[in-house]
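What the coordinates show
For reference, the chains in residue letters:
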Amino acid sequence: TYGPLLENILGLAKIEVPESITTHLARAAGIYYSSDKNWRASANKWIAQETGLEIGRVQEAVSAVEAAYALTDHSKAISFLLADGVVPSNVGEGYLARLIIRRAARLARQLGIMDKLPDIVKSQVDYWGPDFRALRDMRDEVMEGLRVESKKYEDTLSRGSDVVVRLSKELAGKGVRKISTEQLVELYDSQGL
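Described below are features of the structure shown in this document. (Residues numbered from 1 in each chain as written. Predicted model: local features only at pLDDT ≥ 70, side-chain atom pairs only at ≥ 80, totals over all residues. Heavy atoms only, no water.)

With respect to the side chain of S123
You can see S123 is positioned in helix α6 (residues 117-128). Among the polar contacts listed, one links the side chain of S123 to the backbone oxygen of I120, at a separation of 2.6 Å. Aside from chain neighbours lying at most four places away, what touches S123 is L5 and N8. (Helix = DSSP H or I, 4+ residues; strand = E, 2+ residues; numbered from the N terminus. Polar contact = N/O pair within 3.5 Å; in protein donor to acceptor, adjacent residues only side chain to side chain. Contact = heavy atoms within 4.5 Å.)

Okay, here's the thing in structure tokens:
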């Protein structure tokens, strides 16, 4: 579906997945992505047996490919949302834009290419721009919207990590080893984590 866009992300992240894994993953996809998570472990075991690879290598490769595909899809969504004039915020479609940008940032970080996120979004604009005039016309606004929201996300993570460290120390001082659901909700509500 994404052709060179996906290949670009795989290249940036230096992801090399043996064709045998992708072939067997495609065969197992019907059960691999079912709502029953137990099937995933069975599918990984089957893929490992069929390919002769260690199950850890299979899991690592599948996780990397999933992240690359998701990042490709999310970066396209970001391009179109921002080109349509959606401003990331805490309400309505702005909230959706914010969530997608932050998810894309997490995926890029997971793949070790966080600094390449603007280039990835720009490649989406370049790829789809010939067919969608709004992307061409709103290129600068798309890139600026991404820059601003990415900065806000980095600031949120920075502030949030300080709060998490303080909370961890406080809980450790009390001998508590697990953060409660209420505390997790508070971190989400107050810190955006």
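Side note on the environment of I21
Relative to the helices and strands, I21 is located in helix α2 (residues 19-32). For the pair I21 and A48, spaced 27 residues apart in sequence, the C-alpha to C-alpha distance is 8.2 Å.

What about the nonpolar core?
Judged by nonpolar contacts, the single largest core of 36 residues is most densely connected at L71, I78, L111 and I113. A total of nine residues in this core trace back to one element, the largest contributor, which is helix α4 (residues 55-83). Setting aside chain neighbours within four positions, we find I78 in contact with I100, I101, A104, V121 and L146. L25, I47, A48 and A61 belong to the second-largest nonpolar core, a separate cluster that totals seven residues. (Core = buried A, V, L, I, M, F, W, Y, C linked by side-chain atoms within 4.5 Å. Buried < 20%, exposed > 50% of the residue type's maximum accessible area, 1.4 Å probe, protein only.)

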